[in-house]
Amino acid sequence: MKNKVLIDEYMSLSIYDHGKKFYDAGKLLETAEPTLTPPMAVCFSFSIEMFLKCLSATQKYKVKISQTYHKLYDETLVKPKGAGHDLVALFDYLPEELTSEMEKEYRTLHRESLRNELVNIKSVFIDWRYQYEGKTYILYSSTLTNVAGFLSEFSKKKILEQYKQ
């Protein structure tokens, strides 16, 4: 029996779609009355994480072949391992050409560095999920919504470009 493993680097539409659902939920929560800041912050932060992860996913295929059996298993792996919810680490992992493009476009729209903005919101997902533990600090809500909105559009554009090639 032969087993073959193939690895393919790509931008993941399924991870993007997952992030987009959290982004859309964040947009709904943003306008809710009474204000629902903690769930809104968590949704936007998680969507940012998914958008960053979708830009550098790895598809791992395992082919198992025998005389009576042929099966292809696939599994989406997200990199870098161990980055968890750290938005800065996820951003820094991306190829420099991509981060430079992101920085340029974000700065044009918001006159700020995207990486610096990520530093300000890097722990929102953890801190605001467990607000009752007293870890909740200042929430840069406009930064959070700006970054989430930008990455939603940027990621979508890059994925569409991938399929045009």
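Values in this document were obtained by computation on a predicted structure and should not be read as measured data. (Residues numbered from 1 in each chain as written. Predicted model: local features only at pLDDT ≥ 70, side-chain atom pairs only at ≥ 80, totals over all residues. Heavy atoms only, no water.)

(A) Local environment of a nonpolar patch on the surface. A cluster of nonpolar side chains, namely Y137, I138 and Y140, defines an oily patch on the protein surface of about 380 Å² accessible area. Note on placement: Y137 falls in the loop between α6 (124-129) and α7 (141-164). (Patch = residues over 30% accessible without salt bridge, like charges linked within 9 Å, V, L, I, M, F, W, Y side chains within 5 Å. Areas by Shrake-Rupley, 256 points an atom, 1.4 Å probe, with all protein chains shown as cover. Salt bridge = Lys/Arg side-chain N within 4 Å of Asp/Glu carboxyl O. Helix = DSSP H or I, 4+ residues; strand = E, 2+ residues; numbered from the N terminus.)

(B) Here's a closer look at the pattern of salt bridges. All chains considered together, the criterion is met by 8 salt bridges. One salt bridge in this structure joins E49 and K53, with 2.7 Å as the shortest N-O distance. Here K53 and E49 lie together in helix α2 (residues 37-54), a separation of 4 residues that amounts to about one turn. According to the relative accessible area criterion, K53 is buried, its value standing at 13%. Residue R115 pairs with D92 through a salt bridge whose shortest N-O separation is 2.7 Å. Of this pair, R115 sits in helix α5 (residues 114-121) while D92 sits in helix α3 (residues 87-93), and the two are 23 residues apart along the sequence. (Buried < 20%, exposed > 50% of the residue type's maximum accessible area, 1.4 Å probe, protein only.)

(C) Representation of the side chain of S152 within the structure. Locating S152 in the fold gives a position in helix α7. With sequence-adjacent residues up to four places away left out, S152 is seen in contact with Y16, K20, Y23 and F51. (Contact = heavy atoms within 4.5 Å.)

(D) Local environment of helix α4 (residues 96-110). For α4, with 15 residues, the first-to-last C-alpha span of 20 Å sits near the 21 Å given by 1.5 Å per residue. Along its buried surface, α4 packs onto α2, α3, α5 and α7. Directly beyond the C-terminal end of α4, a positive phi value near 55° is found at R111. (Expected span 1.5 Å × (residues − 1).)

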